[in-house]
Amino acid sequence: MYNNFQEYLKQELAQIEADGLYKNERIIESPQGAEIIVKGKKCLNFCANNYLGLADNPQLIEAAKKGMDARGFGMSSVRFICGCQDLHKELEAKISEFFGTEDTILYAACFDANGGVFEPLLGPEDAIISDALNHASIIDGVRLCKAQRFRYANADMADLEAQLQAAKDCRFKLIVTDGVFSMDGNVCPLDKIYELAQKYNAMIMVDESHSAGVVGVTGRGVTERFNLKGEIEIITGTLGKAFGGAMGGFTTGKKEIIDMLRQRSRPYLFSNSMAPGLVAAGIRMFEMMSETNELQDKLHANTEYFIREMVAKGFDCKPSESAICAVMLYDAPLSQKFAARMQDEGIFVTGFYYPVVPKGQARIRVQISAAHEKEHLDKCINAFVKIGQELEVIK
Ligand SMILES: *Cc1c(COP(=O)(O)O)cnc(C)c1O
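Residues numbered from 1 in each chain as written. Predicted model: local features only at pLDDT ≥ 70, side-chain atom pairs only at ≥ 80, totals over all residues. Heavy atoms only, no water.

S.K.: Outline the side chain of Glu224, supporting the account with residue identities and numerical values.
M.R.: Secondary-structure assignment places Glu224 in helix H9 (residues 222-225). It is Arg220 that comes nearest to the buried, bridge-free Glu224 among opposite-charge side chains, at 5.4 Å. At 2.8 Å, the side chain of Glu224 forms a polar contact with the backbone nitrogen of Arg220. What Glu224 contacts, discounting residues up to four positions off in sequence, is Val215, Gly216, Val217, Thr218, Gly219 and Lys229. (Helix = DSSP H or I, 4+ residues; strand = E, 2+ residues; numbered from the N terminus. Buried < 20%, exposed > 50% of the residue type's maximum accessible area, 1.4 Å probe, protein only. Lys, Arg positive; Asp, Glu negative; His and termini not counted. Salt bridge = Lys/Arg side-chain N within 4 Å of Asp/Glu carboxyl O. Polar contact = N/O pair within 3.5 Å; in protein donor to acceptor, adjacent residues only side chain to side chain. Contact = heavy atoms within 4.5 Å.)

S.K.: Tell me what's going on with the site of the ligand, and back it up with residues and numbers.
M.R.: Around the ligand, the surrounding shell holds 13 residues, and the nearest of these are Cys110, Asp207, His210, Thr238 and Lys241. Between a nitrogen atom of the ligand and a side-chain N or O atom of His135, the distance comes to 3.4 Å. Take His210: an N or O atom from its side chain is 3.2 Å from an oxygen atom of the ligand. If the ligand stood free it would expose 380 Å²; the protein chains cover 83% of that surface. Comparing atom positions with the cavity grids shows the ligand to sit within the second largest pocket. For the shell around the ligand, the leading source of residues is helix H5 (residues 110-115), giving 3 residues. (Near = heavy atom within 4 Å. Areas by Shrake-Rupley, 256 points an atom, 1.4 Å probe, with all protein chains shown as cover. 1 Å grid on protein atoms, 1.4 Å probe; cavity = no way out; pocket = protein on both sides within 12 Å on 5 of 7 lines; lining within 4 Å. Sits in = over half its atoms within 2 Å of the grid points.)

S.K.: Let's hear about the packing of helix H4 (residues 86-99) against helix H12 (residues 276-291): which residues, and what values?
M.R.: For the pair H4 and H12, the least separation of the axes is 9 Å and the interaxial angle reads 30 degrees. By the angle between their axes, H4 is roughly parallel relative to H12. For the crossing formed where H4 meets H12, the hand is left-handed. The segment H4 lies against H12, with Leu87, His88, Glu90, Leu91, Lys94, Ile95 and Phe98 engaging Pro276, Val279, Ala280, Gly282, Ile283, Phe286, Glu287 and Met289. Residues belonging to the contact of H4 with H12 are distributed by class as follows: 10 nonpolar, 2 polar and 3 charged. (Axes fitted to C-alpha atoms, helices over the stretch in contact; angles between N-to-C directions. Parallel < 35°, antiparallel > 145°, perpendicular 65-115°, else oblique. Left-handed = near helix turned anticlockwise from the far one by under 90°. Nonpolar A, V, L, I, M, F, W, Y, C, P; charged D, E, K, R; others polar.)

S.K.: Explain a nonpolar patch on the surface residue by residue, including any values.
M.R.: The grouping of Leu13, Ile16, Leu21 and Tyr22 at the surface amounts to a nonpolar patch, some 320 Å² of accessible area in total. Locating Tyr22 in the fold gives a position in the loop between helix H1 (2-18) and strand S1 (35-38). (Patch = residues over 30% accessible without salt bridge, like charges linked within 9 Å, V, L, I, M, F, W, Y side chains within 5 Å.)

S.K.: Tell me about the packing of helix H7 (residues 157-166) against helix H8 (residues 190-200), and please be specific about residues and values.
M.R.: Where H7 meets H8, the axes come as close as 11 Å, and the angle between the chain directions of the two elements is 20 degrees. The angle between H7 and H8 places the two elements in the roughly parallel class. Helix-helix and strand crossings are classified by hand; for H7 and H8 the assignment is right-handed. When H7 is examined against H8, the residues Met157, Leu160, Glu161, Leu164 and Gln165 are found in contact with a partner set consisting of Lys192, Ile193, Leu196, Lys199 and Tyr200. The residue inventory of the contact of H7 with H8, partitioned by class, reads 6 nonpolar, 1 polar and 3 charged.

Dropping the structure here:
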């Protein structure tokens with residue numbers, strides 16, 4: 001039976017490779033950090049979501065170990081059958097406090113949070129109005145829901161208004177947006193979205209995966225940036241990026257919404273609880289975020305410095321209010337060559353090109369971290385200048 005299918009898969013894989021779209025994994029032989037070891041060689045990492053540099057933080061490692069000693073290795077169960085630990089409730093309370101929301105529900109990942117948020121809340125008489133560049137997990141979550149679907153061009157408020165008008169007869173309307181869009185690093189215009197939501201009587205959901213810990217003076221995300229803390233009905237996010245980078249996701253927001261998710265959200269009802277060690281580290285992480293603003297301040301200073309220097313050197317960088325800097329090259333093969341040459345220089349960055357970004361919009365995406373020291377940033381900028389001149393991207 002397998003022979004035909006094997007042949008089919010081999011051909012498909014060969015085609016993916018021929019199209020230049022085959023994904024190879026780089027193997028890291030060290031903890032995640034500013035400096036990592038790849039193939040025995042030290043290099044600087046500029047393509048992780050480790051925005052606050054917490055992925056190898058000693059306090060979080062210690063908290064995870066203590067959590068495991070105190071509450072064991074795993075939960076071996078879903079919560080509604082076998083219960084959860086005091087630790088899980090404590091982490092949920094910490095997340096609500098951090099975002100200024102009423103209640104929180106944990107998931108194994110934000111992919112699950114987004115997968116399980118729409119279907120329990122909305123039906124065929126309702127509307128989901130979604131930004132065209134929203135994350136894959138939002139798109140999948142929307143597919144599982146029977147609500148009518150409307151899509152607006154990325155951060156395009158005229159289009160959002162047109163879609164709200166098209167959806168005006170629906171019972172409930174939910175506008176859905178990423179907080180930060182990961183390819184350009186642009187922040188969603190939540191102030192304008194909020195105005196339109198008021199005007200058309202719609203609710204809002206923001207996925208803060210790339211913005212929590214990053215955007216806003218204290219890293220509380222886009223609701224802090226736009227002074228809308230507590231005003232947004234639904235926020236989803238991950239513990240797998242700025243917040244330590246291990247695993248875990250959450251939905252936080254209005255009390256009744258979270259309560260309904262506990263009754264009906266399928267990834268919550270049918271998937272395991274987060275492991276105690278990760279939960280304990282998550283609790284410590286949110287404590288650290290309130291004790292000092294050092295990491296957030298350093299991340300903001302690093303990002304500002306990096307983009308300012310890159311623009312001064314002649315690079316075409318997308319404006320960014322996040323820790324993502326898109327260095328535009330516009331040419332797919334060039335972006336691949338550029339990234340490969342950067343790796344020769346000991347700098348780990350990734351080239352993005354169609355279909356991940358639109359045709360003719362190829363780029364190198366640089367991700368800045370609080371773990372980067374000035375010497376790291378300078379080394380990266382110098383490598384960009386060297387390769388940029390070599391490949392005639394800059395003079
Ligand atoms: C990374 C990301 C996710 C998925 O988060 P996981 O916790 O890794 O599943 C969801 N939404 C957005 C916007 C993301 O960037």
